[in-house]
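Structural overview for review
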Amino acid sequence: MKANKAVFKARSKPSRSKFNVAKTKLALLSIITLSLSACSSLGVEPWERDLLAKKEMALTSSSIDAALDDHIYFSKEASSGGKSFGGGGCGCN
Amino acid sequence: MVNTNTASKKSNKAPNIKAALSIATSALLGTSVLTAGVSQAEEADEWQFDSAFLLYSETDRVSATEAIIAGTKVFDNDEILSLKLTVDALTGASANGAVVQPNAQTFTRPSGSGQYVTPAGETPLDDTFRDTSVQLNGQWTQPLSDNITGSVGGHFSKEYDYLSLGVNGNLAYDFNKKNSTFSMGLSYFQDTFTPEGGIPKPHSSMLVGDSSSPEWDGEFAKTRTGKSDDKSTADILLGFTQVINRRMITAFNYSYSMVDGYLTDPFKVVSVLNRNGLAQDYIYESRPDSRVKQSTFMQAKYHFDDSLLNTVADVSYRYMWDDWGINSHTIDTRFTMPVGAASYIEPHIRYYQQGAADFYQPYIIEEQAPLGFVSADYRIGEMTAVTVGAKYGVSLNDGDELSFRLEYYRQTPTNAGFTELSALKGQDIYPVVEAIIAQVSYSF
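Residues numbered from 1 in each chain as written. Chains lettered and ligands numbered in written order. Predicted model: local features only at pLDDT ≥ 70, side-chain atom pairs only at ≥ 80, totals over all residues. Heavy atoms only, no water.

An unreviewed UniProt entry lists chain B under the name DUF3570 domain-containing protein, with Colwellia psychrerythraea given as the organism.

Going by an unreviewed UniProt entry, chain A carries the name DUF4266 domain-containing protein and comes from Colwellia psychrerythraea.

The following block contains the structure:
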């Protein structure tokens, strides 16, 4: 929360831009550090992975379905990729 | 939902087809199949195969069938080899870009030989669409140190009029007791397009008339620039995965993609209308020769407890934007719910919304024609799309899995603010496209 306030303050005083850039950088750095330290408190011990190890908990639980879907949506829409490579490899209509 | 514990059970009952495929794969790879019988049998059992047959069928338009077989083998040092073969066939009609008219319209086929007529009040579709493709993918993944995993892969695909070659490389770094992972991937594709009838000259008028006349071929050739053209695609993918707790995992990706070369669709035209909205001409579309796409993607998976039937929820969101002025939102949700001890049902809902490219126009009005980049391809116009469906999977006694998927896909193109001309009143300028996706998968 503190870090967010600092960003807001920095933006509200455009006249002292140099100082504010430094302040913004400091705020961003604190956010990143905070997030990383938050991450280190997240997670599980190796023996608590019973549910995470299940196939249906994999980020891509069926790579075949994912490949087929990518092919369909790549051919029918203007977007592709995001989860994995958008790729070329298709002259599909 | 193959239970990993069942892998050992399979050795006694391994179906012949699996053994045959394993030996065939080993032969293809040049790995030793001449080792002693026992070790060969063991090695053969380590291959895991996933296969699927898919039917994609649009109402009155394209229908595609696709078959995939993928083999994965884990070696002693956690090295993983994956090979995948995909074959698909496409037939049916595809929108040619021209707008619906109150009277019948005649178009020349992309090959230049012959014409087709679209009846009054119908969206012009080119019904000569036909293609078959074969695709091969290979991927090798291995630990490089305790915390670093590397992976390299290759891609080859050949269609009747299209050739694509690709390579990719990925690195993943695990930390925080492997609860956090940073990953970076690069991929590069080189494609060559050799469309039937050649590459049309952008903005040139579609030649319509008597294709058996002696001057036809010469006149048609004047609307062409060459036989083939190339395209390259370079992608960078940065990812971060975080285990939140025993029940939840999240992923965040950023991707940057540069596409250069021939990005125009040689089969698409744009109608040139008079002020009343009546077609005077059809010109071949023209797109920029580069496109930079970026996207952010986030995903969360959550394993509920008994009170919610141990359902696994999979929710993801993607925001994509590019320098063509397109942006899109995609929300994808799946709920995997166990049914009894050995089967599951998985409802799926996907919502997609995209804005139009800056140069998208459903038609051009004569005199006002700004002949820069222009395309009337609805796939780069404004639209929403929804997919609704479900998958049912069942684990068989020997650990194999059989599953069925049935989905309904509906695209609803919308008007991105273009004025409707009088002759087009009451016509369906932005027709809905509906499709059924049916799939059978078998893992063994």
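Summing up its helical and strand segments, chain B has 4 helices and 23 strands in all. Expressed as a percentage of its 444 residues, the buried residues of chain B come to 45%. Of the contacts formed within chain B by residues at least 6 apart in sequence, a portion of 62% connects residues at least 24 apart. On chain B, roughly 20300 Å² of surface is accessible, and the fraction owed to carbon and sulfur atoms is 60%. (Helix = DSSP H or I, 4+ residues; strand = E, 2+ residues; numbered from the N terminus. Buried < 20%, exposed > 50% of the residue type's maximum accessible area, 1.4 Å probe, protein only. Contact = heavy atoms within 4.5 Å. Areas by Shrake-Rupley, 256 points an atom, 1.4 Å probe, with all protein chains shown as cover.)

All names here are of chain B. Strand order across the open sheet formed by 3 strands is E15-E14-E20, with mixed pairing between neighbours. Both outer strands of the open sheet, strand E15 (279–284) and strand E20 (364–365), are each paired with one neighbouring strand and no more. Taken together, the 5 bridges between strand E14 (residues 269–273) and E15 define a ladder with antiparallel strand orientation. Of the residues in E15, the one forming a bridge with Leu273 is Ala279. (Pairing = 2+ DSSP bridges.)

So, on to the interface of chain A and chain B. Taken together, the contacts link 46 residues of chain A with 87 residues of chain B. Contact between chain A and chain B buries roughly 5300 Å² in total, counting both sides, with carbon and sulfur atoms accounting for 54%. Where chain A touches chain B, the interface holds 8 salt bridges. Applying the counting criterion to the chain A and chain B interface returns 30 residue pairs in polar contact (both at pLDDT 80 or more). Looking at the side of chain A that touches chain B, the elements that each hand over two or more residues are helix H2 (17–41) and helix H3 (63–76) of chain A. The element contributing the most residues to the side of chain A that touches chain B is H3 of chain A, with 10 residues. Classifying every residue of the side of chain A that touches chain B by side-chain character gives 17 nonpolar, 17 polar and 12 charged. (Buried area = accessible area lost by both parts, 1.4 Å probe. Salt bridge = Lys/Arg side-chain N within 4 Å of Asp/Glu carboxyl O. Polar contact = N/O pair within 3.5 Å; in protein donor to acceptor, adjacent residues only side chain to side chain. Nonpolar A, V, L, I, M, F, W, Y, C, P; charged D, E, K, R; others polar.)

With that settled, consider H3 of chain A. Between its first and last C-alpha, H3 of chain A extends 20 Å over 14 residues, near the 20 Å set by a 1.5 Å rise per residue. Inspection of H3 of chain A places Ile64, Asp65, Leu68, Asp69, His71, Ile72, Tyr73, Ser75 and Lys76 of chain A among the buried residues, and these make up the whole buried set. (Expected span 1.5 Å × (residues − 1).)

Once that is clear, we can look at a nonpolar patch on the surface. Residue and element names in this part refer to chain B. A cluster of nonpolar residues, Leu85, Val87, Val134, Leu136, Phe156 and Leu165, forms a patch on the protein surface that exposes about 450 Å² of accessible area. For the nonpolar patch, the elements supplying multiple residues, two or more each, are strand E3 (80–95) and strand E6 (125–143). Following the sequence through the fold, Phe156 ends up in strand E7 (residues 148–159). By relative accessible area, Phe156 is classed as partly exposed at 34%. (Patch = residues over 30% accessible without salt bridge, like charges linked within 9 Å, V, L, I, M, F, W, Y side chains within 5 Å.)

Of all residues except glycine, most have a negative phi; of all peptide bonds, most are trans. All names here are of chain B. In this model, Lys178 sits at a positive phi of 60 degrees, which is unusual for a non-glycine residue. As for its position among the elements, Lys178 is in the loop between strand E8 (162–175) and strand E9 (180–193). One non-glycine residue with positive phi stands out, namely Asn310, at about 60 degrees. Take Asn310: it is sitting in the loop between strand E16 (290–303) and strand E17 (312–322). On the basis of relative accessibility, which here comes to 27%, the residue Asn310 falls in the partly exposed class.

This paragraph deals with the packing of aromatic side chains. Taken as a whole and judged by the stated rule, the model has 18 aromatic pairs over all chains. Seen from their ring centres, Tyr73 of chain A and Tyr409 of chain B are 5.3 Å apart, and the 70 degrees between their planes marks the pair as edge-to-face. Taken together, the residues span two chains, with Tyr73 of chain A in helix H3 and Tyr409 of chain B in strand E22 (residues 401–413). Of the two residues examined, Tyr73 of chain A and Tyr409 of chain B, each falls in the buried class. With a centroid separation of 5.5 Å and 25 degrees between ring planes, the pair formed by Tyr442 of chain B and Phe444 of chain B is classed as stacked. Here Tyr442 of chain B falls in the partly exposed class, since its relative accessible area comes to 28%. Grouping aromatic residues by their ring pairs yields a cluster made of Trp47, Phe49, Tyr442 and Phe444 of chain B. (Phe/Tyr/Trp six-rings, centres within 6.5 Å; stacked < 30°, edge-to-face > 60°.)

Moving on: the pairing of E8 of chain B. Residue and element names in this part refer to chain B. Pairing geometry for E7 and E8, over 12 bridges, is antiparallel. For Glu159, the partnering residue across the bridge sits in E8 and is Tyr162. Taking the residues between adjacent antiparallel strands as the criterion, E7 and E8 are bridged by 2 residues. As judged from the 14 bridges shared by E8 and E9, these two strands associate in the antiparallel manner. Residue Gly166 lies in a different strand from E9, and its bridge partner there is Phe189. Following E8, the chain reverses through 4 residues before pairing antiparallel with E9; Asn176 in that reversal takes a positive phi of roughly 55 degrees.

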